[in-house]
Amino acid sequence: VQLQASGGGLVQAGGSLRLSCAASAVTPNMGWFRQAPGKEREFVSGIAWRGGTYYTDSVKGRFTISRDNARSTVYLQMDSLKPEDTAVYYCAVMKRLSPPVPDDFWGQGTLVTISS
């Protein structure tokens, strides 16, 4: 499976971005991770084929994950962005969503920078 992530950019705190991840094949469970400078990669959000969603606590109420199965695309709508959301965001095929366990298929990463 090949994953193509897009949608990153530079926005001010309080702004919004929408990330997209297009997959080359049907993937039941998908997720988003992020890695900030000097920190480990962390789980952000995941979504099951039928739409069940999972979020890490720090983004609950601000981020919304969704998917378009016909387009094999997963989205991450990010609102009320904070400087601490600055990171490279990666989409991934997931082995499990709870607890989150990624598979071996990752997108190339898209940089999100939030200015204060």
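Figured I'd write up the structure that's included with this text. This one's a predicted model, so the numbers in the text were calculated from it and none came from an experiment.

Scoring rules and cut-offs
Residues numbered from 1 in each chain as written. Predicted model: local features only at pLDDT ≥ 70, side-chain atom pairs only at ≥ 80, totals over all residues. Heavy atoms only, no water. 1 Å grid on protein atoms, 1.4 Å probe; cavity = no way out; pocket = protein on both sides within 12 Å on 5 of 7 lines; lining within 4 Å. Points joined across faces, edges and corners; volume = space filled by probe spheres on them. Nonpolar A, V, L, I, M, F, W, Y, C, P; charged D, E, K, R; others polar. Buried < 20%, exposed > 50% of the residue type's maximum accessible area, 1.4 Å probe, protein only. Helix = DSSP H or I, 4+ residues; strand = E, 2+ residues; numbered from the N terminus. Pairing = 2+ DSSP bridges. Disulfide = S-S within 2.5 Å.

## Concerning empty space enclosed by the protein
Consideration 1: Enumeration according to the criterion identifies one cavity of 30 Å³ or more in this entry.
Consideration 2: In this structure, the largest cavity occupies an estimated 60 Å³ of space.
Consideration 3: Lining of the largest cavity is provided by A23, A25, V26, T27, M30, W49, R67, D68, N69, S72, T73 and V74.
Consideration 4: Along the lines of polarity and charge, the residues of the lining of the largest cavity split into six nonpolar, four polar and two charged.

## Re the pairing of strand β4 (residues 30–35)
Side chains on a regular strand alternate between the two faces of the sheet.
Consideration 1: The buried fraction of β4 amounts to five of the six residues, a majority that puts the element mostly inside the structure.
Consideration 2: Here β4 pairs with strand β5 (residues 42–47) via five bridges, running antiparallel. Each bridged residue has a counterpart across the sheet, and for M30 the counterpart in β5 is I47.
Consideration 3: Linking two consecutive strands that pair antiparallel, namely β4 and β5, is a turn of six residues; a positive phi of about 75 degrees is found at G38 within it.
Consideration 4: Sheet analysis places β4 next to strand β9 (residues 87–97), joined by six bridges and oriented antiparallel. Bridge assignment links Q35 to a residue of β9, and that residue is V88.

## Brief notes about the state of the cysteines
Consideration 1: The tally for this structure, following the rule as stated, stands at one disulfide.
Consideration 2: The disulfide that involves C21 links it to C91, with 2.1 Å between the sulfurs. Linking C21 and C91, the disulfide has an S-S dihedral of approximately 65 degrees and is accordingly described as right-handed. With C21 in strand β3 (residues 17–23) and C91 in strand β9, this residue pair connects regions lying 70 residues apart in the sequence.
Consideration 3: The exposure class assigned to C21 is buried, which follows from its relative accessible area of 1%.

Keep in mind that these numbers describe shape and distance, not what the molecule does.
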